[in-house]
Amino acid sequence: MSPTQLPDYGEVFAEVREVRRAGIVRLRELRLPVLTGMAAGPGGTGSGEPHFPAVERLLRTAVAAMGGGTLQEAAEYSLGLARGTRDWPPADRRRRAARVYGVSVERFRKHQELMVLGQVAEQLVRGAARSLPGDGAGAGSGHGDGRPSLPGGQARQLAAGHRPVTVRAGGREHRLTLHVHAVDLLRDIDVVVSPSNTHLALPEPYKASVAASLRRAGAVRDPAGRIVEDRIQDELRAWTDRYAPGGLPVAPGTVAVTGAGALEEQGIRHIHHAAVAVPRPGTNDYDVLPTDVTRAVTRVFALLAAGPGRASVCLPLLGAGRGGLTPADSLAAVWAAVEAELARGGDWDVHLLVRRPERADLVAELLADPEGGRT
């Protein structure tokens, strides 16, 4: 993991689940490259001590940051962090954590446990964000002009979270914004486009995809962090009950509109769920055609045109996850619709979203040479 790059939530979540299965007492036996790197700190390799004490401290800090309540208590029992439980078998820890919520062990395993471990992973990622160079804590002596410095005078350089990108369409230049961060960190965007399958079935909120992250961030929680209103899921279900009853799939390229739930507090107004992934029967895989991506983005702009005035819209690389498209192919499909809309005079504030700096570099390079993005 780069010193200036946040760890991937999905990778963190997977390692937290591995700790739950093994328990704190067996940390030394586990291979946990992401948690070990986070425990070492940005750009560091640790103090030379074995990795497992540092990982345990990291987990304890993350769980303590949950602020108490049933969520923290269940996390402590699940991971073996509660007093006297570090050597408990995983089944005993799960049984005791299920009692915190007053549910059966099986129900806890399928529902609350995933939410609890997902919250641990979120706290870990948030802690990593706070400890990035330039965060303020331990920022070194600085340069005297507000710029932080590393020991020995080496200048710090953070990856840009937002990059202006100039593109040409319709014989004119247009300015886009490229976001390099998780989707739930977006602020003041009218419409965020979320990739979906043709059944418009949202992934569970503990997962790491764009759709899961939006569902998680749009949910309303109680003071203990438990979801009390799954607003985006509820609105999308109402949409499918009206337009695709009986669980029937919609046509690829269909776009369903919902509110943004709790994300409205961040200035997000609507989520446009773009049905671009067609499930393969009998498998967990999907097929995504670039033409369906272009069709969906074109539909997004048509919906924007039906609304009042100029709007901002943020587009991820649709189909570039489990859909199987390469980032370049996804961008080419998205850009085909964006370019057509801008060329015909569409006055939209267009934003693109990627998670990793290396993908941002690729996007910027392809947009500087749009013909290259179509190869």
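Caption draft 1: Molecular detail of the overall build of the protein chain. Helix and strand counts for the protein chain come out as eleven helices and ten strands. Residues classed as buried in the protein chain amount to 45% of the 375 residues present. The contacts in the protein chain between residues at least 6 apart in sequence include a share of 61% that link residues at least 24 apart.

Caption draft 2: Main features of the nonpolar core. Core analysis: the biggest nonpolar cluster contains 41 residues, and Val293, Val297, Val313, Leu315, Val338, Leu352 and Leu367 have the highest contact counts within it. With seven residues, the single largest contributor to this core is helix H10 (residues 327–343). Valine 297 has contacts with Leu315, Leu318, Val334, Ala337 and Val338, leaving out every residue within four places of it along the chain. Within the second largest apolar cluster, 40 residues are counted, among which are Val16, Ala62, Ala75 and Ala98.

Caption draft 3: Broad picture of helix H11 (residues 357–368). With twelve residues, H11 extends 16 Å from end C-alpha to end C-alpha; this agrees with the ideal 16 Å at 1.5 Å per step. All of the buried residues along H11 are Pro357, Ala360, Val363, Leu366 and Leu367. Against strand E1 (162–169), strand E2 (172–180), H10 and strand E10 (349–354) lie the buried residues of H11.

Caption draft 4: Focus on the packing of aromatic side chains. Scanning the entire structure with this criterion turns up four aromatic pairs. A centroid spacing of 6.2 Å and a plane angle of 35 degrees characterise the contact between tyrosine 101 and phenylalanine 108, whose relative ring orientation is tilted. According to the relative accessible area criterion, tyrosine 101 is buried, its value standing at 16%. Note on tryptophan 239 and tyrosine 243: the rings are 4.8 Å apart at their centroids and 45 degrees apart in plane angle, and the pair reads as tilted. Residue tryptophan 239 and its partner tyrosine 243 are both found in helix H8 (residues 231–243); the two are separated by four residues, about one turn of the helix. When its relative accessible area of 17% is taken as the criterion, tryptophan 239 is described as buried.

Caption draft 5: Spatial organisation of a negative patch on the surface. A contiguous patch of negative charge, built from Asp234, Glu235, Glu264 and Glu265, is present on the exposed surface. Counting through the fold element by element, glutamate 265 comes out in the loop between strand E6 (255–259) and strand E7 (270–279). For glutamate 265, a relative accessible area of 75% gives the class exposed.

Caption draft 6: Representation of the environment of leucine 318. Of note, leucine 318 is situated in the loop between strand E9 (312–316) and H10. Looking at leucine 318, the relative accessible area reads 0%, which means it is buried. When the C-alpha atoms of leucine 318 and valine 297 are compared, they prove to be 9.3 Å apart, with 21 residues separating the residues in sequence. Here leucine 318 is in contact with Val193, Ser194, Pro195, Ala274, Val293, Val297, Leu325, Ser330 and Val334, once residues within four sequence places are set aside.

Caption draft 7: View of the pattern of salt bridges. For the structure shown, the criterion picks out 20 salt bridges. We note a salt bridge from glutamate 341 to arginine 344, for which the minimum N-O separation is 3.4 Å. Residue arginine 344 is classed as exposed on the basis of its relative accessible area of 63%. Linked through salt bridges whose partners overlap, the residues forming this network are Arg20, Arg94 and Glu113.

Caption draft 8: Structural context of helix H4 (residues 69–79). Counting buried positions along H4 yields eight of eleven residues, so the element is predominantly enclosed. In the stretch just after H4, glycine 80 is the one whose phi turns positive, near 80 degrees.

Caption draft 9: Representation of unusual backbone geometry in the model. For aspartate 188, which is not glycine, the phi dihedral falls at a positive 55 degrees. Looking at where aspartate 188 falls in the secondary structure, it is placed in the loop between E2 and strand E3 (191–197). Exposure remark for aspartate 188: the relative accessible area of 61% places this residue in the exposed category. For leucine 200, which is not glycine, the phi torsion reads 50 degrees and is therefore positive. One can find leucine 200 in the loop between E3 and helix H7 (210–218).

Caption draft 10: Looking closely at the side chain of serine 194. Inspection of the secondary structure puts serine 194 in strand E3. The exposure class of serine 194 is buried, given its relative accessible area of 1%. Not counting the four nearest positions on each side in its chain, serine 194 is found in contact with Val210, Ala211, Leu214, Ile271, His272, His273, Ala274 and Leu318.

Cut-offs applied
Residues numbered from 1 in each chain as written. Predicted model: local features only at pLDDT ≥ 70, side-chain atom pairs only at ≥ 80, totals over all residues. Heavy atoms only, no water. Helix = DSSP H or I, 4+ residues; strand = E, 2+ residues; numbered from the N terminus. Buried < 20%, exposed > 50% of the residue type's maximum accessible area, 1.4 Å probe, protein only. Contact = heavy atoms within 4.5 Å. Core = buried A, V, L, I, M, F, W, Y, C linked by side-chain atoms within 4.5 Å. Expected span 1.5 Å × (residues − 1). Phe/Tyr/Trp six-rings, centres within 6.5 Å; stacked < 30°, edge-to-face > 60°. Patch = residues over 30% accessible without salt bridge, like charges linked within 9 Å, V, L, I, M, F, W, Y side chains within 5 Å. Areas by Shrake-Rupley, 256 points an atom, 1.4 Å probe, with all protein chains shown as cover. Salt bridge = Lys/Arg side-chain N within 4 Å of Asp/Glu carboxyl O. Lys, Arg positive; Asp, Glu negative; His and termini not counted. Charge placed at Lys NZ, Arg CZ, Asp CG, Glu CD.

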